[in-house]
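Summary of structural features
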Amino acid sequence: MLSLGGTHRVFLCRHAVDFRKAHDGLCAIIRDEFRDDPFSGDVFAFFNRAKDRIKLVVWDRNGFWLCYKRLEKGTFPFAVSGEGRVEIEQGQLAMILEGIEWNKMKKSLQFSSTIVITPRNGAAS
């Protein structure tokens with residue numbers, strides 16, 4: 001099970017990459033193509049041309065984690081096009097890894113955008 005903290009940002013590479021690349025090759029893409037810092041602690045996700053494999057790269061204090069998932073059947077259900085990277089939410093990454101089509105899901109807002117705090121004496125602040 002993959003567990004990420006709330007501060008991790010997740011970036012998905014828009015184009016397929018050569019899966020012979022390991023830590024150093026993927027970090028070169030992060031640094032040179034994305035113009036990001038591979039040591040930032042952000043999660044970078046890459047997929048192969050057939051979309052049946054995905055690699056996640058993240059820096060963790062003293063080394064890189066390389067998580068790799070290969071599907072035995074089917075493909076990962078997402079469609080992105082273009083060059084560079086796109087930022088996705090951690091929930092979207094979890095849905096991709098579970099095989100849920102996140103671009104067809106509807107996100108409901110269950111939280112208020114404004115908060116009113118009233119002190120104990122009943123006057124509004």
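First things first, this report covers the structure right here in the doc. Just so it is clear, the model here is predicted, and its values are computed rather than measured.

**Some words on the packing of aromatic side chains**
Inspection of every chain in the model, using the stated rule, returns seven aromatic pairs. With 5.9 Å between their ring centres and 50° between their planes, Phe19 and Tyr68 make a pair best called tilted. Placement of the pair is Phe19 in the loop between strand 1 (10–13) and helix 1 (23–33) and Tyr68 in strand 4 (residues 63–70), with a sequence separation of 49 residues. Look at Phe19 and you get buried, because its relative accessible area is 16%. Judged by relative accessible area, Tyr68 falls into the partly exposed class, the value being 45%. Between Trp59 and Phe64, the ring centres sit 4.9 Å apart and the planes meet at 70°, which makes this aromatic pair edge-to-face. Through successive ring pairs, a cluster of aromatic residues spans Phe11, Phe34, Phe44 and Phe46.

**Here we look at the side chain of Asp36**
Within the secondary structure, Asp36 sits in the loop between helix 1 and strand 2 (43–47). A relative accessible area of 18% means that Asp36 is categorised as buried. One polar contact links Asp36 to Arg85, side chain to side chain, over a distance of 2.5 Å. Those residues in contact with Asp36 that sit more than four places away from it in its chain are Ile30, Arg31, Phe44 and Arg85.

Here is what the cut-offs are and how they apply
Residues numbered from 1 in each chain as written. Predicted model: local features only at pLDDT ≥ 70, side-chain atom pairs only at ≥ 80, totals over all residues. Heavy atoms only, no water. Phe/Tyr/Trp six-rings, centres within 6.5 Å; stacked < 30°, edge-to-face > 60°. Helix = DSSP H or I, 4+ residues; strand = E, 2+ residues; numbered from the N terminus. Buried < 20%, exposed > 50% of the residue type's maximum accessible area, 1.4 Å probe, protein only. Polar contact = N/O pair within 3.5 Å; in protein donor to acceptor, adjacent residues only side chain to side chain. Contact = heavy atoms within 4.5 Å.

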